[in-house]
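Architecture and fold: a report
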Amino acid sequence: MFINRLNQLYKPKRILYYIDAENVDIVLFGKGKTDERISKYSNTFGVYDYPGLFYVDSLNKPVIGIEFRIDDERIDYPKNLSSVVLDEAFYYSIEVDSDTDVEINKLKELFVCISKDDDAHRQYDDLSICDNPRVISVFYHDEKFRILYEWKLDEDRAIDVINDNFEKFDKEMLYKTSFFDPITGHYNWNHLVPFLEMPMDAGIRDYAFAHFDIKEFRIFNEVYGHIAGNNVLSKVVKAMNDSDFIYTSARCHNDNFAMIIRDMPNEELIKKLEEFFDNLSHLDEDPDYKICYRCGVVPMPRSLLFGNRVADAGKLAQKMGTTTNRTDIVVYTDEMHDDILWGNYIKAYVDSAVKNDEFLVYLQPKFDIETEKIKGAEALIRWNYKHRTLLAPYKFIPYFEKDGTIAKIDDIVLRKVCEALAEWKKEGKPLYPISVNLSRTRMYDEGLVDYLESIVDSYGVDHSYIDFELTESATYDDTEQMIYVLLKLREKHFELSMDDFGTGYSSLSLLTQMPMDTLKIDKSFVDKVGTENDRESDLAVIRHIISLAKELGFVCLAEGAEEKKQVERLKELGCDIIQGYYFSKPIPLEEYESNYLNPYEVSPACEEDRSELISLYRAQVGAEGCPWSEEYPSNETIDFDLSRDSLFVLKHNGKIIAAASIEEDEEVNKLVCWNKDLEPEGEFARICVNPEYKKKGIGRMILRYIEEEMKRRGYKGIHIIVNKKNLNALRLYDSFGYINVGECFMYEQDFWCYEKKL
């Protein structure tokens, strides 16, 4: 079981509004579903926490409810709900997986174990576990439980600091040194911590918290001098002491301050702070100089739940104030809270995830833009979190990049790719290069190249099938080291690609030194191609990137192509390879193998294929024969096609997945031929594709084969009739250069006539 020990916190006297919790309610609560009678009060003013599952001693039963501050006329309290007053208490807070059993006896056993190695000693007080807790509460969020278990106060040392009980200390000087700032004479951070740990000692029930600094204060000190700087600090202190909405405050260090603030609605609180900072924005020494601040605010209940760790949240929000020439007030949100907890959680859990084989490799195929044949693939990581939820890369990759865990992920991808290539080689299947990510943080790893080579060689995979791909941003660091690593990989005959080309600044000057095989044009460029925002300046950049790549002997790949117009324009510009949703989204290894490595066989149909052909026709068009007529039942249609030796089938793993026939009846040809320049002209009678294989390029494959066959037979052009409702077919013929010449008079107005020169 994963246990994240959060902190110990204090909750004041409050009122719990609740409904009785039956077993089904508890089960639903564990899935994140709370009765609307309770959930509608989430995040309302005066609420102490989320809706939760409560074990209250006096109720002698589990309930689902939500806690409110007592006796506040601004609060719209719930009606028609039962309620009970909960006394002030301390709680030990932990976070566990949502599949943890939260039955009361299980929770007691869990916290007894925790208490054996954690006595909850804090700087100004000591806590210990309650043998008979009055309240145990469980809160659900993002597939995790946060559990608050009541602990008792054994010793309160904070009250002497809060009440300035000097006699409790050996010397007054010692006290002042510990708790006062020598420059402003104001309290320091040490003095503020007791208020966070034991707020009730100061008569504080609940509060908001703010952490702020002065923008460019260091530069200000250098320009105007330290005396002017100290005056500004003292003015801030005086303003905090004079403000009626600040319980207490401290100068933490340098130009950083913290304040415990009276709770109020966010709009009111922000307005108060805006006025507070505006009154401090003028410099006595220079009236034209505007002082700006950067403030992070943690509202109640978040500040209360963080306890003495609230400064971390305040500083995080404070860092997001990045504007210039104005004061920023940033309110801490649950999203920031979730981000911190999720990052810490997956950092601790990643080794278990690796052990449980939760990481999957998907492949996104790459295609030759001219032939539209497969040329390789890019390996992409997916996390099958606890084998129940597929996480998108943005949910974990950025966190792993920050702490270096990304190296483990890179190795997993490389091993799984090599394992697949080795298996496919053993089965005699065609192999294509697969690119795997090489994180720039690994460029400084000693022995990196030998280590990567040992992984690949352990599977017996030829080095030419592994394409190491690094982002252009890698060039921001030690370029000499990067080039050294790339050259060593090239010596080992690995392929090399640069991803996201065009987004960096230093690559152009390094391209002549970098031993690259492929340059990948970033998706941000491709997105603008073939759209109404398609500007000549954008095309000029892509054209020159492609030209530069070819001059240097690189293959040029465009990633992110999703539309036909994009592919066509990139083809005109001279691009070599396409990777994007137009051809294929990232797919599992098994689907990649099935779609692209198992050979497809095209051959003339024979009598033995009859039953499969009938099933195929019926699967696509129903039981009534061909798509454009109900005159021919399926059997007669097959008989007609087989009799002319002009019916071809495409088989995959021995199964017919598509069929196409060529119409060679002279009378029909004369009848449907409008463009005399195309004579002699052939016609497709029909193309059928198994619905299970739709959007996998099968129609394109059989159409290309039929065109080659008709050209071999001497036809100069092709005529085809297409049902207007068959949008997939219309898109297919459009992409192959067929021209719509109007409606088909033979079949009224339901069909288009398409033609193409061969």
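In this report, we go over the structure that sits alongside the text. This one's a predicted model, so the numbers in the text were calculated from it and none came from an experiment.

1. As for the packing of helix H24 (residues 698-712) against helix H25 (residues 727-735)
Viewed as axis vectors pointing N to C, H24 and H25 meet at an angle of 50°, and their least axial separation amounts to 11 Å. The pairing of H24 with H25 is recorded here as oblique in orientation. Like other packed secondary-structure pairs, H24 and H25 cross with a definite hand, here right-handed. Of the residues in H25, those touching H24 at Gly-699, Arg-700 and Leu-703 are Leu-732, Tyr-733 and Ser-735.

2. Description of the packing of aromatic side chains
On inspection of all chains with the given rule, the structure shows 53 aromatic pairs. Seen in terms of ring centroids, Phe-306 and Tyr-332 are 5.7 Å apart; in terms of plane orientation they differ by 80°. Their pairing is edge-to-face. Of this pair, Phe-306 sits in helix H10 (residues 302-306) while Tyr-332 sits in the loop between strand E16 (328-331) and helix H12 (334-355); the two residues are 26 residues apart in sequence, bridging distant segments of the chain. For Tyr-332, a relative accessible area of 3% puts it in the buried group. Seen in terms of ring centroids, Trp-383 and Tyr-385 are 5.8 Å apart; in terms of plane orientation they differ by 85°. Their pairing is edge-to-face. Both residues of the pair, Trp-383 and Tyr-385, count as buried. Aromatic rings pair up to connect Trp-342, Tyr-345, Tyr-349, Phe-359, Trp-383, Tyr-385, Phe-396 and Phe-400 into one cluster. Above the ring of Tyr-345, the side-chain terminus of Lys-144 is found at 5.8 Å from the ring centroid. Lying over the aromatic face of Tyr-362, Arg-382 brings its terminal NZ or CZ to 5.6 Å of the ring centre.

3. Examining helix H8 (residues 226-242)
Residue pairs three or four apart in sequence face the same way in an α-helix, which turns once every 3.6 residues. The end-to-end C-alpha distance of H8 is 24 Å, a good match for the 24 Å that 17 residues give at a rise of 1.5 Å each. Looking only at H8, the buried set comprises Ala-228, Gly-229, Val-232, Leu-233, Val-236, Val-237, Ala-239 and Met-240.

4. Focus on the sheet that holds strand E10 (residues 208-214)
The five strands lie next to each other as E11-E12-E10-E15-E16, forming an open sheet whose pairing is mixed. Edge positions in the sheet fall to strand E11 (246-253) and E16, since each of these pairs with one other strand and no more. Neighbour-to-neighbour, the strand axes of the sheet open up by a mean angle of 20°, direction not taken into account. Summarising the sheet, E11 and strand E12 (residues 256-261) pair through six bridges and their orientation is antiparallel.

Criteria and cut-off values
- What you see as residue numbers is a count from 1 along each chain, following the sequence as written.
- Given that the model is predicted, a residue must reach a pLDDT of at least 70 before its local features are reported, and side-chain atom pairs must reach 80 or more before they are shown or counted; all residues, however, enter totals for whole chains, interfaces and linings.
- Side-chain calculation: all heavy atoms of the structure are included, whereas hydrogens and water are not.
- Geometry is summarised by axes, namely lines fitted to C-alpha atoms with helices restricted to the contacting stretch, and by angles between N-to-C directions that run from 0 to 180 degrees.
- Counting from the N terminus, the helices are DSSP H or I runs at least four residues long and the strands are E runs at least two residues long.
- Each angle gets one of four labels, with under 35 degrees taken as roughly parallel, over 145 as roughly antiparallel, 65 to 115 as roughly perpendicular, and the rest as oblique.
- Here a crossing is called left-handed whenever its near helix is offset anticlockwise from the far helix by less than a right angle, and right-handed whenever the offset is clockwise.
- In what follows, a contact means two residues having at least one pair of non-hydrogen atoms within 4.5 Å.
- Centres within 6.5 Å are what make two rings of Phe, Tyr or Trp a pair, Trp counting through its six-membered ring; a difference in plane orientation under 30 degrees is then read as stacked, over 60 as edge-to-face, and the rest as tilted.
- Under the scheme applied here, a residue whose accessible area is under 20% of the maximum for its type counts as buried, over 50% as exposed, and between as partly exposed, the area being computed with a 1.4 Å probe on protein chains only.
- When the NZ atom of lysine or the CZ atom of arginine is within 6 Å of a ring's centre and also within 35 degrees of its normal, the charge is said to sit over that ring.
- One less than the number of residues in a helix, times 1.5 Å, gives the span that helix is expected to have.
- At least two DSSP bridges between two strands are required for those strands to pair.

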